[in-house]
Amino acid sequence: MFGQLLSLLDKSKILKFSRKNGGERYVKHFDAWQHLVIMLYATIKRFDSLREITDSMFPEAHKLLHLGINVMPKRSTLSDANARRPESIFEAVYGDLYATYKNELSSDSRKRQNPQWMKKLQIIDSTTITLFSNLIFKGIGRNPKSGKKKGGLKVHTLMKYHVGVPMVVQLTSAAKHDHYLLKEVHLPKDSTLAIDRAYIDIAQFQRLTDEGVCYVTKMKKNLKYEVLDSITYVNPEGLVTHIDQKLRFTRGDLTHEARRVELFSENKKPVVLLTNNFDFSVEEVSEIYRLRWAIESLYKQLKQNFPLHFFYGDSVNAIQIQTWVVLIANLLITVISRSIKRKCAFSQVVAMARLTLMYYIDFIAFMENPDKTWSNIQAKEALKAPPEPTLFD
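Since the model is a prediction, treat every value here as computed from it, not as a measurement.

Caption draft 1: Geometry of the packing of helix H6 (residues 75-84) against helix H13 (residues 316-339). Interaxial distance between H6 and H13 falls to 6 Å at its minimum, and their mutual angle equals 90°. With respect to each other, H6 and H13 are oriented roughly perpendicular. Contacts between H6 and H13 pair Ala81, Asn82, Ala83 and Arg84 from the former with Asn317, Ala318 and Ile321 from the latter. Partitioning the contact of H6 with H13 into residue classes produces 4 nonpolar, 2 polar and 1 charged.

Caption draft 2: How the structure looks around the packing of aromatic side chains. By the definition in use, this model includes 7 aromatic pairs. With a centroid separation of 6.3 Å and 35° between ring planes, the pair formed by Phe2 and Tyr41 is classed as tilted. Placement of the pair is Phe2 in helix H1 (residues 2-6) and Tyr41 in helix H3 (residues 32-45), with a sequence separation of 39 residues. Neither Phe2 nor Tyr41 differs from the other in exposure class; each is buried. One cation-aromatic arrangement involves Lys246 over Phe278; the distance from NZ or CZ to the ring centre is 5.8 Å.

Caption draft 3: Main features of the pairing of strand E3 (residues 166-173). As judged from the 7 bridges shared by strand E2 (residues 152-160) and E3, these two strands associate in the antiparallel manner. Within E3, the residue paired with Met159 across the bridge is Pro166. Connecting the antiparallel pair E2 and E3 is a turn made up of 5 residues, with Gly164 showing a positive phi of about 90°.

Caption draft 4: Summary view of helix H14 (residues 346-355). Within H14 the residues assigned to the buried category are Phe346, Val349, Val350 and Ala353. Buried residues along H14 cover an arc of 95° about the axis, so they all sit on one side. Where H14 is buried, its residues meet H3, helix H12 (293-305), H13 and helix H15 (363-368).

Caption draft 5: Spotlight on a positive patch on the surface. Judged by side-chain charge, Arg197, Lys220, Lys221 and Lys269 come together as a positively charged surface patch. Tracing the backbone through its elements, the reader meets Lys269 in the loop between strand E8 (254-263) and strand E9 (271-275). You can call Lys269 exposed: its relative accessible area is 73%.

Caption draft 6: Structural view of the sheet that holds E8. Here we have 9 strands laid out as an open sheet, ordered E3-E2-E1-E4-E5-E9-E8-E7-E6, and mixed in their pairing. On the outer flanks of this sheet lie E3 and strand E6 (226-234), each paired with one strand and no other. Along the sheet, successive strands turn relative to each other by an average axial angle of 20°, direction set aside. Bridge count for strand E1 (residues 121-130) against E2 is 9 bridges, and the pairing is antiparallel. Pairing of Ser126 across the sheet is with His156, part of E2. Sheet strands in contact with H12 are E1, E2 and E3, and its direction is about 35° off that of E1.

Caption draft 7: Seen up close, the confidence of the model for the protein. This prediction gives the protein a mean pLDDT of 87; 93% of its residues lie at or above 70. Per-element confidence in the protein is highest for strand E5 (residues 214-218), whose mean pLDDT is 95, and lowest for helix H5 (residues 61-66), whose mean pLDDT is 83.

Caption draft 8: Region of interest: the environment of Tyr299. Mapped onto the secondary structure, Tyr299 falls in helix H12. Tyr299 sits 86 residues away from Ala385 along the chain, and the two C-alpha atoms are 55 Å apart. Once you skip the residues sitting within four places of it in the chain, Tyr299 turns out to touch Asp125, Ser126, Thr127, Val155 and Thr157. Among the polar contacts listed, one links the side chain of Tyr299 to the backbone oxygen of Asp125, at a separation of 3.0 Å.

Caption draft 9: Highlighting unusual backbone geometry. Not every positive phi belongs to a glycine, and Arg46 is a case in point at roughly 60°. Turning to its location among the elements, Arg46 is positioned in the loop between H3 and helix H4 (50-57). Overall, Arg46 belongs to the partly exposed group, its relative accessible area being 27%. Phi is positive for Asp190, which is not a glycine, with a value near 75°. With respect to the helices and strands, Asp190 occurs in the loop between helix H9 (180-184) and strand E4 (192-195).

Cut-offs used in this document
- Residues numbered from 1 in each chain as written.
- Predicted model: local features only at pLDDT ≥ 70, side-chain atom pairs only at ≥ 80, totals over all residues.
- Heavy atoms only, no water.
- Axes fitted to C-alpha atoms, helices over the stretch in contact; angles between N-to-C directions.
- Helix = DSSP H or I, 4+ residues; strand = E, 2+ residues; numbered from the N terminus.
- Parallel < 35°, antiparallel > 145°, perpendicular 65-115°, else oblique.
- Contact = heavy atoms within 4.5 Å.
- Nonpolar A, V, L, I, M, F, W, Y, C, P; charged D, E, K, R; others polar.
- Phe/Tyr/Trp six-rings, centres within 6.5 Å; stacked < 30°, edge-to-face > 60°.
- Buried < 20%, exposed > 50% of the residue type's maximum accessible area, 1.4 Å probe, protein only.
- Lys NZ or Arg CZ within 6 Å of the ring centre and 35° of its normal.
- Pairing = 2+ DSSP bridges.
- Arc of directions from axis to C-beta.
- Patch = residues over 30% accessible without salt bridge, like charges linked within 9 Å, V, L, I, M, F, W, Y side chains within 5 Å.
- Areas by Shrake-Rupley, 256 points an atom, 1.4 Å probe, with all protein chains shown as cover.
- Salt bridge = Lys/Arg side-chain N within 4 Å of Asp/Glu carboxyl O.
- Lys, Arg positive; Asp, Glu negative; His and termini not counted.
- Charge placed at Lys NZ, Arg CZ, Asp CG, Glu CD.
- pLDDT = per-residue confidence, 0-100.
- Polar contact = N/O pair within 3.5 Å; in protein donor to acceptor, adjacent residues only side chain to side chain.

Spelled out as structure tokens, the structure:
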């Protein structure tokens, strides 16, 4: 099964990226391809330490040889590679994989029979991975009463909704503000952007408006603005359903006009959304913000199915390499899961990939009909003639 996963990678490109970024300098045997293959092996198997990785490879030596592993690395070799080989190599590998498979990933049912804005919907968010020390990546929040504050790695992500995997990823310390990525990216015209209220920045909202990008976010309570127009909508029972307002924000010489939509429901608190699109219906604005949850599901998927609670090195480079390898593994398994013609949860696909990683098996065919082999055995047993009676029957 591991060979089927690696067939989605291009070995020549990976070595090219490594040579370009200085990853093959002073390297005799353990090249970037072998490094990536072993890190993927460890990530999917969810090993806890370098010792587990190296010891588990010896029983699989013949199989790994066919995958291009010419050296059985020691712990020190793998540790040095994680510390010294530039993480930009793995970033380039992920970017190339995304460019290769983005059309295949976006060709599923979510892309069909949906409004036009959904095909151009993009989501920005970030998640923090807690680390063991505050010295490597600076942590956030107050210092605890007992013990030292732990550090954190923040993963800033831009994701196309209908693709379902990150398109742009930036790794920073946890102390970096969320809206860092919002300032860096420039989206195509007519795109729709769903963001959390941590990204509220009037200057950036005006830039998005000038670039023809629609944004939808949740509104902060302490924003200062001027109401230009306000309409209250009431249902036949006399209850207010929503309030639609046109606002003007003024920040020095900068002015920005936006739309405030406040939604009411019987059993929940009112939800206040902010957008620069005056043409969307209230239902569409609400739906766009609801779909922002897809990126939260992605973060949950990464943290639950891959090793991001422990790391194989204590250097900045090693932690970043492992994070990139997790993203690569997630993308590869997502490509395979979308090829399965049977509804399977992603966690189920990852679990079966972990169990059958070194088996000689057609993984997609197995996932489409997992009980086929057992059914064939039972059918053969049923065709056998019944045992002849003995003298004592």
